[in-house]
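# Reading the structure
Here's the letter readout for the chains.
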Amino acid sequence: MDISSSVFVVQPSSGVPLYRQLIDQVRGMIATGRIKPGDVLPSVRQLGAELEVNFMTISKAWGKLEAEGLVEHVRGRGMVVTAARKASVQAEQTRQLRVLVDQAVVRGLQCGMSRSELLGIFKTSIEEHLQ
Amino acid sequence: MSEVMLEVKSLRKSFGTAEVLSGVDLVMRRGEVTGLLGLNGAGKSTLLRCLLGLLRCTAGTAAVLGCDSWNLGASEKARLGYVPQDVFLFPTLSVKGMVDYTAAFYGNWNASRVTELLRRWELPVNKACGVLSPGERQKLGIVLALGHEPELLILDEPVASLDPSARRGFLESLLELAADGNRTVLFSTHITSDVERVASDVALLRSGRIQFHEDLDGLKERTKRLRLTAGASLPLQSDLPGVLQWQVNGVTGVLTVNNFTAALPDELRAKWGADVVIEDLNLEEIFLANN
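All residue numbers here refer to positions counted from 1 along the written sequence of the relevant chain. Whichever chain is written first becomes A and whichever ligand is written first becomes 1, with later ones labelled in order. Residue-level local features of this predicted model are given only where pLDDT is at least 70; pairs of side-chain atoms are given and counted only at 80 or more, and the full residue set underlies all totals for whole chains, interfaces and linings. The side-chain numbers reported here are obtained from all heavy atoms of the structure, hydrogens and water having been left aside.

Next up on the list: the sheet that holds strand S5 (residues 67-68) of chain B. Adjacent strands of a sheet pair through backbone hydrogen bonds, lying either parallel or antiparallel. All names here are of chain B. Strand order across the open sheet formed by four strands is S2-S1-S4-S5, with antiparallel pairing between neighbours. Only two strands of the sheet have a single neighbouring strand rather than two, namely strand S2 (18-29) and S5. Any two strands with at least two DSSP bridges between them are considered paired. The secondary structure listing takes helices from DSSP runs of H or I that are at least 4 residues long and strands from runs of E that are at least 2 residues long, numbered from the N terminus. With five bridges connecting them, strand S1 (residues 4-15) and strand S4 (residues 59-64) associate as antiparallel partners. Bridge pairing in S4 places Arg12 opposite Ala59.

Okay, structure coming up:
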C-alpha cells in the first residue's frame, strides 16, 4: 500500500528538527502496525510539497530510516518498509525511550514523589494503553 | 562537495566612522537555502548589498558565482536574482508593462511561469505600479526576480509586507524553485518560522560577524536548555564550555548550551548531583539565546 502524505504532520517551530519528527512518526506507525512491511513511503517531492517544507528535509529523514534498516529503496517503487526490526534499531529505540522516561522520573522526583508513587504512575499508564 | 556559489572573506564595511560589518566570513554552496537572521541594524541588508556589488566593501572580499562582487559582468548578473526591501518599479508602467520591460533584459525568461505566478498571487496586471499596495509591490518584485530562474537568489526581507496567505504562497514558490537542488537561496528575515520551514541552513549575523552558519537540524540538536535541580546550591558562575545562558536560583538552575551532547546530562549529574530535564528549543528561542 502507498502511504498517503496526509498522515504526516510536522511542526516547523518545534524544537525537534523536522527530519526527526518524520522519523519518529514513521517509527511510531510501524510500531503500532499502522504501516506494514511492503508499504511505500510518499516520495520526497510529494511529501515536501504537501507539508511545504524543504525537500532536503524529507530526503534526509528517508535516508536515515534507510540507514537504520527500517525502509529500503526499491527501484521503481520508492522507499519500502522492510520486514524485520533489527537488533540495532531496537537498541536505539530503547536508548531514546530511556531519555523520555528519565525526564518523567526527574519531574516526579522534583515534585517530591516517592518510588512507589512513580512506579504506580508507570503501571497505570501501561495498563491503560495495553487495554 | 558542490560548487561554491557565494564567498565572503573578512568583509568589513563602514559608513563614516560607524563599522557595520567587522569581518564577515560566509560560504554557500549550490543547493543551499540559507536564512540570514540578525537583529535590526545587525547589517543584514549591508551584507546582501555588498554581495550584489551595490556597496563597495571597506576591506575583505565578496564574490558571487566565482566573480568579485564589485566587478560583476552581464553574464553573472543574468544568473542572479535580487529582491530588495524597497522594490524599484516605474510608477507609470502597468504591472504587465513592468514585467515586459524586465523580461526584455533576459534571454532565458520563463514567461509561462511568470504568468502563473501573477495569476496565483492575484496581481492586478493592468494596474499602474505607482498605485500598488506595499504587499503587491513586494509580490511583483519577487515575480520579477524569479522570471529568469536565477541560479543564485538573494532576498532582503522578502516577506516583510506580505499577509500570512501571501507569505505561504511565496514560501511555496521558493520551495518549487529550490526543488531541483541546483538553485541557491540566501534570504534575510525576522520570521524564524519561515526559516524553519524552507531553509536547509541558518546564519546569524551579530556584532558585525557571522556568529554561526550551519544546518538547521544540527543547530537544533546542539542547542538545548537544561533545567537542573541539584543536591546543594549551584554556583552563580558557570565554568562549563558553550554556555549561552545560566540562571541560578538556589538549588535550581536553567542552563542553555550550544554544544549539547548526550553525555552532558550525566556530567551534570556527576558534577552537582543534579537532576536534569532537557528541553528542545525552536529557532526563535535559539535566536534569542544567542543575542
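There's plenty left to go through after this.
With that settled, consider the interface of chain B and chain A. How big an interface is tends to be reported as the loss of accessible area on association of its parts. Two residues qualify as a contact provided that any one of their heavy atoms is within 4.5 Å of a heavy atom in the partner residue. Tallying the contact residues gives 25 residues for chain B and 22 residues for chain A. Throughout, buried area stands for the accessible area (probe radius 1.4 Å) lost by two parts on being put together, summed over both. Taken together, the two surfaces of chain B and chain A that pack against each other cover about 2100 Å², and 48% of this comes from carbon and sulfur. Salt bridges are defined as contacts in which a side-chain nitrogen from Lys or Arg sits within 4 Å of a carboxyl oxygen from Asp or Glu. Taken together, the connections running from chain B to chain A amount to four salt bridges. Under the rule applied, a polar contact is a pair of N or O atoms within 3.5 Å (in protein, one hydrogen donor and one hydrogen acceptor; residues adjacent in sequence only if both atoms are side-chain atoms). Where chain B meets chain A, there are 14 residue pairs in polar contact (both at pLDDT 80 or more). With five residues, the top contributor of residues to the side of chain B that touches chain A is strand S14 (residues 275-280) of chain B. Gly falls in the polar group here, along with every residue not listed as nonpolar (Ala, Val, Leu, Ile, Met, Phe, Trp, Tyr, Cys, Pro) or charged (Asp, Glu, Lys, Arg). A class-by-class count of the residues in the side of chain B that touches chain A yields nine nonpolar, five polar and eleven charged.

The next point concerns the sheet that holds S14 of chain B. All names here are of chain B. With antiparallel pairing, four strands are arranged side by side in an open sheet as S12-S13-S11-S14. The two strands at the open ends of the sheet, each matched to only one other strand, are strand S12 (243-249) and S14. Within the sheet, the average angular offset between the axes of one strand and its neighbour, ignoring direction, is 15 degrees. Two elements, strand S11 (residues 224-229) and strand S13 (residues 252-257), share six bridges in a ladder whose sense is antiparallel. Each bridged residue has a counterpart across the sheet, and for Leu228 the counterpart in S13 is Gly253. Lines fitted to C-alpha atoms define the axes, with helix axes restricted to the stretch in contact, and inter-axis angles between N-to-C directions lie between 0 and 180 degrees.

On to the domain arrangement of chain A. As annotated, the domain borders come from an automatic or database domain assignment. Here the domain parsing of chain A yields domain 1 (5-81) and domain 2 (86-130). Distance between the C-alpha centres of domain 1 of chain A and domain 2 of chain A: 26 Å.

Residue and element names in this part refer to chain B. With a 1.4 Å probe rolled over the protein chains alone, any residue whose accessible area is under 20% of its type maximum counts as buried; one over 50% counts as exposed, and the rest are partly exposed. Of all the positions in helix H4 (residues 111-120), only Arg113, Val114, Leu117 and Leu118 are classed as buried. Seen from one end, H4 has its buried residues packed into an arc of 135 degrees, which puts them on one side. Counted as exposed and oriented over 90 degrees from the buried face of H4: Ser112, Thr115 and Arg119. At its buried positions, H4 is contacted by helix H3 (95-103), helix H5 (134-146) and helix H6 (164-178). With its phi angle positive at about 50 degrees, Glu122 sits one or two positions after the end of H4. Note: the arc covers the axis-to-C-beta directions of the helix.

Here we take up the domain arrangement of chain B. Residue and element names in this part refer to chain B. Domain annotation for chain B reports domain 1 (4-218) and domain 2 (223-289). Taking only C-alpha atoms, the centre of domain 1 and the centre of domain 2 are 38 Å apart. Contacts between the two partners involve nine residues from domain 1 and, on the opposite side, four residues from domain 2. Of the roughly 600 Å² buried where domain 1 meets domain 2, counting both sides, 77% is carbon and sulfur surface. Across the contact surface, domain 1 and domain 2 share zero salt bridges. If you look at where domain 1 meets domain 2, you find one residue pair in polar contact (both at pLDDT 80 or more). For the side of domain 1 that touches domain 2, the secondary-structure elements that each account for two or more residues are helix H7 (192-198) and strand S9 (201-206).

Moving on: the packing of helix H2 (residues 44-51) of chain A against helix H3 (residues 55-67) of chain A. Residues and elements named next belong to chain A. Close contact between H2 and H3 brings their axes to 8 Å; oriented N to C, the two are set at 130 degrees. With respect to each other, H2 and H3 are oriented oblique. As for how H2 packs across H3, the hand of that crossing is right-handed. Residues Val44, Arg45, Leu47, Gly48, Ala49 and Leu51 of H2 pack against Phe55, Ile58, Ser59 and Trp62 of H3. When its residues are assigned to classes, the contact of H2 with H3 shows seven nonpolar, two polar and one charged. Should an angle fall under 35 degrees it is taken as roughly parallel, and over 145 as roughly antiparallel, whereas 65 to 115 is taken as roughly perpendicular and any remaining angle as oblique. Crossings are assigned a handedness: left-handed for a near helix turned anticlockwise from the far helix by less than a right angle, right-handed for a clockwise turn.

To continue, consider the side chain of Thr82 of chain A. Residues and elements named next belong to chain A. Inspection of the secondary structure assignment puts Thr82 in the loop between strand S2 (78-81) and helix H4 (87-110). At a separation of 2.7 Å, a polar atom in the side chain of Thr82 contacts the main-chain carbonyl oxygen of Gly69. For Thr82, the residues in contact, after removing those within four places along its chain, are Pro37, Gly69, Leu70, Val71 and Glu72.

Residue and element names in this part refer to chain A. Think of a patch as exposed residues, more than 30% relative accessible area, with no salt bridge, where like charges cluster within 9 Å and nonpolar side chains (Val, Leu, Ile, Met, Phe, Trp, Tyr) cluster within 5 Å. Residue exposure ignores everything except the shown protein chains as possible cover, and the areas themselves are Shrake-Rupley values with a 1.4 Å probe. A cluster of nonpolar residues, Phe122, Ile126 and Leu130, forms a patch on the protein surface that exposes about 300 Å² of accessible area. Along the chain, Leu130 falls in helix H5 (residues 115-130). For Leu130, a relative accessible area of 68% translates into the label exposed.

With that settled, the discussion passes to the pairing of S1 of chain B. All names here are of chain B. By the bridge criterion, nine bridges tie S1 to S2 in an arrangement that is antiparallel. In the strand pairing of S2, Val4 is matched with Arg29. Turn length for the S1-S2 hairpin, with the two strands adjacent in sequence and antiparallel, is two residues, and the turn residue Gly16 shows positive phi of about 65 degrees.

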